[in-house]
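# Secondary and tertiary structure notes
This is what each chain is made of:
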Amino acid sequence: MASRVTKGKGKSIKGSKDSSECSTVKCLKDWSNWALKKAKVITHYGFIPMVIIIGMNSEPKPHLYQLLSPV
């Protein structure tokens, strides 16, 4: 049987760029992607509780059911 040579799929880094430059850019992209995902989750789950807390600390002091009722 003949052995098969497989080529890796993906982008190879060629050219005049230094490998440390590419790793720095990749690290920066990964970190920013991670930070944006975390910010999205925090915003998603934290917005309504924040509104309730701000509403509870306002004057006049409403009851919780008054804040949650649509009227």
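Every residue gets a number counted from 1 within its own chain, in the order that chain's sequence is written. Only residues with pLDDT of at least 70 are given local features in this predicted model, and only at 80 or more are side-chain atom pairs given and counted; all residues enter the totals for whole chains, interfaces and linings. Computation of side-chain values covers all heavy atoms of the structure but excludes hydrogens and water.

Now for the overall build of the protein chain. Across its full length, the protein chain holds 2 helices and 0 strands. In this scheme, a residue with accessible area under 20% of its type's maximum is buried, one over 50% is exposed, and one in between is partly exposed, where area comes from a 1.4 Å probe on protein chains only. In the protein chain, which comprises 71 residues, the share counted as buried stands at 4%. Shrake-Rupley sampling with a 1.4 Å probe provides the accessible areas, and residues are treated as covered by the protein chains on show and by no other component. Accessible surface for the protein chain amounts to roughly 7400 Å². Of this, 65% is attributable to carbon and sulfur atoms. Here a strand is any run of E in DSSP of at least two residues, a helix any run of H or I of at least four, and the numbering for each starts at the N terminus.

Here Val51 is to be found in helix H1 (residues 19-56). By relative accessible area, which is 43% here, Val51 ends up partly exposed. Sequence-wise, Val51 and Leu67 are 16 residues apart; in three dimensions their C-alpha atoms are separated by 9.3 Å.

Our next topic: the pattern of salt bridges. Salt bridges are defined as contacts in which a side-chain nitrogen from Lys or Arg sits within 4 Å of a carboxyl oxygen from Asp or Glu. Under the definition given, this model contains 1 salt bridge. One salt bridge in this structure joins Asp30 and Lys26, with 3.0 Å as the shortest N-O distance. Within this pair, Asp30 and its partner Lys26 are both found in helix H1, separated by 4 residues, close to a single helical turn.

Once that is clear, we can look at the environment of Gly55. Relative to the helices and strands, Gly55 is located in helix H1. Exposure remark for Gly55: the relative accessible area of 13% places this residue in the buried category. Apart from residues no more than four positions distant in its own chain, Gly55 is found in contact with Pro62 and Leu67. The contact rule is simple, with two residues in contact once any of their heavy atoms fall within 4.5 Å.

Attention shifts here to a nonpolar patch on the surface. Within this analysis, patches are made of residues with over 30% relative accessible area and no salt bridge. Like charges are joined at 9 Å or less; nonpolar side chains (Val, Leu, Ile, Met, Phe, Trp, Tyr) at 5 Å or less. On the surface, Phe47, Ile48, Met50, Val51 and Ile54 cluster together to form a nonpolar patch covering roughly 500 Å² of accessible area. Residue classification places Ile48 among the exposed residues on the basis of a relative accessible area of 57%.

Cis peptide bonds are those with omega within 30 degrees of zero, and the linkage from Glu59 to Pro60 qualifies with -10 degrees. Relative to the elements of secondary structure, Pro60 occurs in the loop between H1 and helix H2 (64-68).

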